[in-house]
Amino acid sequence: MPIPLFDAATPVRAIEARVRAALDAVLADGAYVLGPHVEGFERAFAQYVGAGHAIGVANGTEAITIALRALGVGPGDDVVVPSFTFYASAEAIPPTGARPVFCDVDPETFVVTPEAVRAALTPATKAVVAVHLFGNVAPVGEIEALGVPVVEDAAQAAGSRAAGGARTGALGTLATFSFYPSKNLGAFGDGGAITTSDAALAETARTLRFHGSRDGSTYELVGYNSRLDALQAAILHAQLPELDRWCEGRRVAGRRYAQRLEGVVGLPRPTAGSDPAWGLYVVRDREPDALADALAAERIGARGYYRTPVHRQPALAGLAPPAELPGTEEAARTHLAIPMGAALGDEEVDAVAAAIRAARR
Ligand SMILES: *Cc1c(COP(=O)(O)O)cnc(C)c1O
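Criteria and thresholds
Residues numbered from 1 in each chain as written. Predicted model: local features only at pLDDT ≥ 70, side-chain atom pairs only at ≥ 80, totals over all residues. Heavy atoms only, no water. Domains from an automatic or database assignment. Buried area = accessible area lost by both parts, 1.4 Å probe. Salt bridge = Lys/Arg side-chain N within 4 Å of Asp/Glu carboxyl O. Polar contact = N/O pair within 3.5 Å; in protein donor to acceptor, adjacent residues only side chain to side chain. Helix = DSSP H or I, 4+ residues; strand = E, 2+ residues; numbered from the N terminus. Near = heavy atom within 4 Å. Areas by Shrake-Rupley, 256 points an atom, 1.4 Å probe, with all protein chains shown as cover. Nonpolar A, V, L, I, M, F, W, Y, C, P; charged D, E, K, R; others polar. Buried < 20%, exposed > 50% of the residue type's maximum accessible area, 1.4 Å probe, protein only. Contact = heavy atoms within 4.5 Å. Pairing = 2+ DSSP bridges. Axes fitted to C-alpha atoms, helices over the stretch in contact; angles between N-to-C directions. Parallel < 35°, antiparallel > 145°, perpendicular 65-115°, else oblique. Left-handed = near helix turned anticlockwise from the far one by under 90°.

Engineer: Teacher, can you tell me more about the domain arrangement of the protein chain here?
Structural biologist: Here the protein chain is described as being made up of domain 1 (9-241) and domain 2 (243-359). Taken over C-alpha atoms, the centre of domain 1 sits 23 Å from the centre of domain 2. For the pair domain 1 and domain 2, the summed buried area comes to about 3500 Å², and 63% of that belongs to carbon and sulfur atoms. For the pair domain 1 and domain 2, the number of links is three salt bridges. One salt bridge connects Glu108 with Arg269, and the closest N-O pair in it is separated by 3.1 Å. Here domain 1 and domain 2 share 22 residue pairs in polar contact (both at pLDDT 80 or more) between them. Secondary-structure elements contributing two or more residues to the side of domain 1 that touches domain 2 are helix H1 (9-13) and strand E3 (99-103).

So this is what it looks like as structure tokens:
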């Protein structure tokens, strides 16, 4: 049997009846844009992450732009962001008018360190986008202790926990999520959310997602048309009670990989005290693309997602950082995502691990 890199459909099959009932409820009342289905999911999701407020938006990229705008980020400001991340983490910054300033990551955790952020601070720094890459948890508290607000990019880390047990989404001044189908909590299309415990920031983000208007007749800000669809909200709400169980499935698979692959490839290291719900399970190897080819021959999915770091992508190359980013370069060169998911079974983990051991013998 082939083992895909991820499988968004299988976990949902077990709750298909509940998801269909949620779709029927939206069809029955016809509230397709904002309204009770979106509000119901926003309340449940805020409670899940442990934040005071959740604001549903169209996708995880606009969630970052709107969260930064809510913080007052604009022209003349700098925003620190890691270069080893999905392109959207940085792409979301220029639409605010601010400039992305790239910082390094620790190649063993794949996330930013307080030292790397400190090295990238300028007098114009207004915010830091701290990415919880692959589900690992960035040290948000230590970064905010430097005196700069953090927007958590939690797109890959719904359900991950920091030291002390708090969930991603409740660690920074604001946080953003993507509900793209392959994420830990996935819609049947695009979706996103912003979470915060600051009522004023929540109100501004809510206003920005609806054309900068509170009441639909007065437009206070130049905003966005960026709303989470009611259908997607209903689908997400139906799935939310499963999220912790799904995250546990990811953790179990991660522990089993770690037992079987210790000393064979570089293993992802959870940050101090954290308990990641691995959105992607990413190992390191000297020749990751050759390893991916060997796995493909066994019909096992594997992929290096971010071989070219963001600061060397054509659209943002003009913003290249003044200093080298050695952790970023190493992570970009060596990383390889191998199959991970809520429903990944022991036999599948064992088959993937055996194929990797065989290729690296
Ligand atoms: C998926 C993702 C995003 C963007 O989310 P979309 O919903 O696809 O716009 C942003 N940052 C990271 C780290 C992601 O993985």
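Engineer: Please clarify how the site of the ligand should be interpreted in this entry.
Structural biologist: For the ligand, the set of nearby residues contains 14 residues, the closest of which are Gly60, Thr61, Asp153, Ser178 and Lys183. Here an oxygen atom of the ligand sits 2.8 Å away from a polar atom, N or O, in the main chain of Gly60. At 2.6 Å from an oxygen atom of the ligand is found a side-chain nitrogen or oxygen belonging to Lys183. Look at the ligand: alone it shows 380 Å² of surface, and the protein chains cover 92% of it. Broken down by secondary-structure element, the contributors of at least two residues to the shell around the ligand are helix H4 (60-70) and helix H5 (88-91). Taken together, the residues that form the shell around the ligand break down as four nonpolar, eight polar and two charged.

Engineer: I would appreciate a short explanation of the side chain of Arg209 in the present structure.
Structural biologist: Summarising the element assignment, Arg209 is placed in helix H8 (residues 199-209). Overall, Arg209 belongs to the buried group, its relative accessible area being 6%. Setting aside its immediate chain neighbours within four residues, Arg209 contacts Leu34, Val38, Glu42, Ile55, Gly56, Val57, Ile66, Tyr224, Asn225, Ser226 and Arg227.

Engineer: Would you explain the side chain of Thr96 in this entry?
Structural biologist: Within the secondary structure layout, Thr96 lies in the loop between H5 and E3. Its relative accessible area of 6% is what places Thr96 among the buried residues. Within the local environment of Thr96, its side chain forms a polar contact with the backbone nitrogen of Ala98, the two atoms lying 3.1 Å apart. For Thr96, the residues in contact, after removing those within four places along its chain, are Thr65, Leu68, Arg69, Val73, Gly74 and Pro75.

Engineer: Could you clarify how one ought to interpret unusual backbone geometry in this entry?
Structural biologist: The phi torsion at Leu34 lies on the positive side, around 50°, for a residue other than glycine. Here Leu34 lies in the loop between helix H2 (16-29) and helix H3 (36-49). The phi torsion at Arg299 lies on the positive side, around 60°, for a residue other than glycine. Position of Arg299 relative to the elements: it lies in the loop between helix H11 (288-297) and helix H12 (326-334). A residue is classified by how much of its surface remains accessible, and Arg299, at 53% relative accessible area, is exposed.

Engineer: Just checking my understanding: could you explain the sheet that holds E3 for this structure?
Structural biologist: Read from one edge of the open sheet, seven strands run E1-E7-E6-E5-E4-E2-E3, paired in mixed fashion. Single-partner strands in this sheet number two, and they are strand E1 (53-57) and E3. Strand-to-strand twist of the sheet, defined as the mean angle between neighbouring strand axes without regard to direction, takes the value 25°. Of the strand pairs in this sheet, strand E4 (residues 125-131) and strand E5 (residues 150-153) are connected by four bridges, and their pairing is parallel. Residue pairing across strands places Val129 opposite Val151, the latter belonging to E5. Its contacts with the sheet place H8 against E1, strand E6 (174-178) and strand E7 (192-196), and it is angled at close to 15° to E1.

Engineer: For this particular structure, what's the right way to read the packing of H4 against H8?
Structural biologist: Working note: a packed helix pair is described by the angle between its axes plus the distance between those axes. Packing of H4 against H8 leaves a shortest axis separation of 9 Å and a crossing angle of 130°. On the basis of the axis angle, H4 is oblique to H8. Both H4 and H8 take part in a crossing whose hand is right-handed. Seen from H4, the contacting residues are Ile66, Arg69 and Ala70; seen from H8, they are Leu201, Thr204, Ala205, Leu208 and Arg209.

Engineer: When you look at the packing of H11 against helix H13 (residues 346-359) in this model, what are you seeing that I'm missing?
Structural biologist: Look at H11 against H13: their axes get within 10 Å of each other, and the N-to-C directions meet at 125°. Of the possible angle classes, the one that applies to H11 and H13 is oblique. Handedness of the H11/H13 crossing: right-handed. Contacts between H11 and H13 pair Leu291, Ala294 and Leu295 from the former with Val352, Ala355, Ile356 and Ala359 from the latter. Split into classes, the residues belonging to the contact of H11 with H13 amount to seven nonpolar, no polar and no charged.

Engineer: Help me understand the pattern of salt bridges in this model?
Structural biologist: A pair can form between side chains of opposite charge whenever their charged atoms are brought close. Per the counting criterion, the structure on display carries 21 salt bridges. A salt bridge links Arg99 to Asp78, with the shortest nitrogen-to-oxygen separation between them at 2.9 Å. Residue Arg99 is found in strand E3, and its partner Asp78 is found in strand E2 (residues 78-82); the two are separated by 21 residues along the sequence. Judged by its relative accessible area of 42%, Arg99 is partly exposed. Residue Asp78 is classed as buried on the basis of its relative accessible area, which comes to 5%. Among the charged side chains, a network of salt bridges with common partners joins Arg256, Arg260, Asp346 and Asp350.

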